[in-house]
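Structural description and commentary
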Amino acid sequence: MINVTKSFLPDQAEYNAILKTSWDKAWITNRGALVKELEQKIKTKFHITNMIATTNGTLPLQIAIKALHLKGEIITTPFSYIATASSIVWESCTPVFADIEADSFNISPKEIEAKITDKTSAIIATHVFGNPCNLEAIDNIAKKYNLNVIYDAAHAFGVSYKGTSIFEFGDVSTCSFHATKIFHTGEGGALFAKDQGLYDKLYYHHNFGHDGPENFHGLGINAKMSEFQAAMGLTVFPYFDSIIERRELLYKLYMEILGSGKFQFQKILENSVYNYAYFPLVFESEAQLNTVNEALNSNQIFPRRYFYPSLNTIDYLKGEPMKNSESIAKRILCLPLYYDLTEDQVKTISNHILKHV
Ligand SMILES: *Cc1c(COP(=O)(O)O)cnc(C)c1O
């Protein structure tokens, strides 16, 4: 069976060896040595100012909204995972959708500007499939209207723009280290904020508001990463460059076979270093997608309809119609892409697809 992704797992002995130090000390959570080591390694490799490792990639979005004291309307993308929009509702704000660009699949700066009202407090944008948003245009809008920006960078580990890590953009960036993501800790995630004052707030928030064992800085929640998660991250991290290299090769092989004009592909932002986190393929119609998907499924190949449905169509999110997002969401399929996938499997998958279009 071939799924859309498969978690990268080195030899279990490597995980055990890394975990042993914390195991022997019987210190398995509450910001242990492995969590700190993982943060340090990630910050050093990608030249990141501040990072807080967390237990998943959803709590960081909620904590960021809380720390920035956001109220009223938050402009966001209809083309993302549900967590981007549900976090806004969870924090008692109202998501207002702005349509995506048909080529990058990212939120359109022009559409953002058209949705701004006197109730707008922030923009939450996703770097869809690791493709950076139009950072400069979004930054200009935020400055012009005095809005905060949160980037949901769940897919964007390892991505950079003009030589700067993608996590350095926006007031806050968040990431997910879920088992299905390009770099993972089983479950996990992170918060990033360049501003030291804001970073401190996020830090307190993620640990119950603790300021030492007996004092509280204010309100908080528990989003701490455990040593088990950090050990997984430290086991996977040394392989990250080879993971990217392998994915790039497979991505380019898909492109070579499928890139003949029958499909639409995601346009990656210029001046960025991409991470090949996904291989999205846009069909002519939903009917064509369904035919191909059924044929693949009957051959034990299971791509995923990321992202379907368009978030503005979900009942509790009460969105207006979004032309581009709904059109892409109905016609997009993410093909299997992971370290262990073979070139022959990419060829087999591609040939099944070509037979049905
Ligand atoms: C995976 C994902 C999340 C949530 O991350 P978890 O670690 O699963 O909580 C948020 N946003 C996007 C865009 C995602 O793909």
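Refer to the structure printed above.
Quick look at the structure, then. (Residues numbered from 1 in each chain as written. Predicted model: local features only at pLDDT ≥ 70, side-chain atom pairs only at ≥ 80, totals over all residues. Heavy atoms only, no water.)

Looking at a nonpolar patch on the surface
To keep things clear, this is the line we draw: Within this analysis, patches are made of residues with over 30% relative accessible area and no salt bridge. Like charges are joined at 9 Å or less; nonpolar side chains (Val, Leu, Ile, Met, Phe, Trp, Tyr) at 5 Å or less. Accessible surface area values rest on a Shrake-Rupley calculation with a 1.4 Å probe, where residue burial reflects the displayed protein chains alone. Each reported salt bridge corresponds to a side-chain nitrogen of Lys or Arg within 4 Å of a carboxyl oxygen of Asp or Glu. In this description a helix means any DSSP run of H or I spanning at least four residues, a strand means any run of E spanning at least two, and both kinds are numbered starting from the N terminus. Between buried and exposed lies partly exposed: a residue is buried under 20% and exposed over 50% of the maximum accessible area for its type, with that area taken using a 1.4 Å probe on protein chains only.
There is a patch of nonpolar side chains on the surface, built from W23, I28 and F228 and spanning about 310 Å² of accessible area. Relative to the elements of secondary structure, W23 occurs in helix α1 (residues 12–25). Take W23: its relative accessible area is 57%, and that puts it in the exposed class.

Some points on the sheet that holds strand β7 (residues 160–161)
Threshold: Pairing between strands requires that DSSP locate at least two bridges from one strand to the other.
Read across the sheet, three strands follow the order β8-β7-β11 without closing on themselves; strand pairing throughout is antiparallel. Two strands in the sheet have a free side with no partner beyond their single neighbour: β8 (164–165) and β11 (272–273). Bridge count between β7 and β8: two bridges; the pairing is antiparallel. Of the residues in β8, the one forming a bridge with Y161 is T164.

Some details on the site of the ligand
What counts, and what does not: One heavy atom suffices: a residue is near a molecule or strand as soon as one of its heavy atoms comes within 4 Å of it. Think of a polar contact as two N or O atoms within 3.5 Å of one another; within protein, one of them needs to be a possible hydrogen donor and the other a possible acceptor, and neighboring residues in sequence only count if both atoms come from side chains. Side-chain classes follow a simple rule in which Ala, Val, Leu, Ile, Met, Phe, Trp, Tyr, Cys and Pro form the nonpolar group, Asp, Glu, Lys and Arg form the charged group, and the remainder, Gly included, forms the polar group.
Close to the ligand lie 15 residues, the nearest being T58, D152, H155, S176 and K181. In the environment of the ligand, an oxygen atom lies 2.6 Å from a nitrogen or oxygen atom belonging to the side chain of T58. A total of 380 Å² of accessible area belongs to the ligand in isolation, and the protein chains cover 92% of it. Considered class by class, the residues forming the shell around the ligand number three nonpolar, ten polar and two charged.

Observations regarding the environment of Q264
Condition: By definition, residues are in contact when any of their heavy atoms lie within 4.5 Å.
Tracing the backbone shows Q264 in the loop between α9 (240–258) and β11. A relative accessible area of 27% places Q264 in the partly exposed class. On a C-alpha basis, the gap between Q264 and A102 in space is 9.8 Å, while along the polypeptide they are 162 residues apart. Apart from the residues within four sequence positions on either side, Q264 is in contact with A102, D103, F105, L281, V282 and I328. From its side chain, Q264 meets the backbone oxygen of A102 in a polar contact 2.8 Å long.

Comments concerning the pairing of strand β9 (residues 172–176)
For β9, a buried count of five out of five residues is recorded, marking the element as mostly surrounded by other parts of the structure. Both faces of β9 are covered, namely the face carrying V172, T174 and S176 and the face carrying S173 and C175. Both strand β6 (residues 148–152) and β9 contribute to a ladder of three bridges, which runs parallel. Bridge pairing in β9 links I150 to V172. Sheet topology places β9 next to strand β10 (residues 189–192); four bridges connect them, and they run antiparallel.

Here we look at the packing of aromatic side chains
Our working definition: Between the rings of Phe, Tyr and Trp (Trp by its six-membered ring), a pair exists once the centres lie within 6.5 Å; its type follows the angle of the planes, with under 30 degrees stacked, over 60 edge-to-face, and the other angles tilted. Cation placement over rings: the criterion is NZ of Lys or CZ of Arg within 6 Å of the ring centroid and within 35° of the ring normal.
Applying the stated criterion to the full structure yields 31 aromatic pairs. With centroids separated by 5.1 Å and ring planes inclined at 90 degrees, the aromatic side chains of F157 and F240 adopt a geometry described as edge-to-face. Note that F157 is positioned in the loop between β6 and β7 and F240 in helix α9, a separation of 83 residues in sequence. Using a relative accessible area of 1% as the deciding quantity, one classes F157 as buried. Overall, F240 belongs to the buried group, its relative accessible area being 2%. The side chain of R305 reaches across the aromatic face of Y308, ending 3.9 Å from its centre.

Focus: the packing of helix α3 (residues 59–67) against helix α4 (residues 82–90)
We count it as follows: Between N-to-C directions, angles span 0 to 180 degrees; the directions come from axes that are lines fitted to C-alpha atoms, helices contributing only their stretch in contact. Each angle gets one of four labels, with under 35 degrees taken as roughly parallel, over 145 as roughly antiparallel, 65 to 115 as roughly perpendicular, and the rest as oblique. Working rule for handedness: look at the near helix, and if it is turned counterclockwise from the far one by less than a right angle, call the crossing left-handed; if clockwise, right-handed.
Where α3 meets α4, the closest approach of the two axes is 9 Å, and the angle between their N-to-C directions is 40 degrees. Judged by the angle between their axes, α3 and α4 are oblique. Both α3 and α4 take part in a crossing whose hand is right-handed. Across the interface between the two elements, L61, Q62 and I65 of α3 pack against A83, T84, S87, I88 and W90 of α4. When the residues that make up the contact of α3 with α4 are grouped by side-chain class, the tally is five nonpolar, three polar and no charged.

A short note on the packing of α9 against helix α12 (residues 343–355)
Contact pair α9 / α12: the axes reach a minimum separation of 10 Å and the direction vectors enclose 30 degrees. As the angle between them shows, α9 and α12 are arranged roughly parallel. When you trace α9 past α12, the crossing you get is right-handed. Residues R246, L249, L250, L253, Y254, I257 and L258 of α9 pack against E343, V346, K347, I349, S350, N351, I353 and L354 of α12. Looking at the contact of α9 with α12 residue by residue, the class counts come to ten nonpolar, two polar and three charged.

Remarks on the pattern of salt bridges
Summed over all chains, the structure comprises 13 salt bridges. Between K6 and D340 there is a salt bridge, with the nearest N and O atoms lying 3.1 Å from each other. With K6 in the loop between β1 (2–3) and α1 and D340 in the loop between β14 (332–335) and α12, this pair connects stretches of sequence that are 334 residues apart. Residue classification places K6 among the partly exposed positions, given a relative accessible area of 45%. For the salt bridge of K252 with E248, the shortest nitrogen-to-oxygen distance reads 2.4 Å. Here K252 and its partner E248 are both found in helix α9, four residues apart, which amounts to about one turn of the helix. With a relative accessible area of 43%, K252 lands in the partly exposed category.

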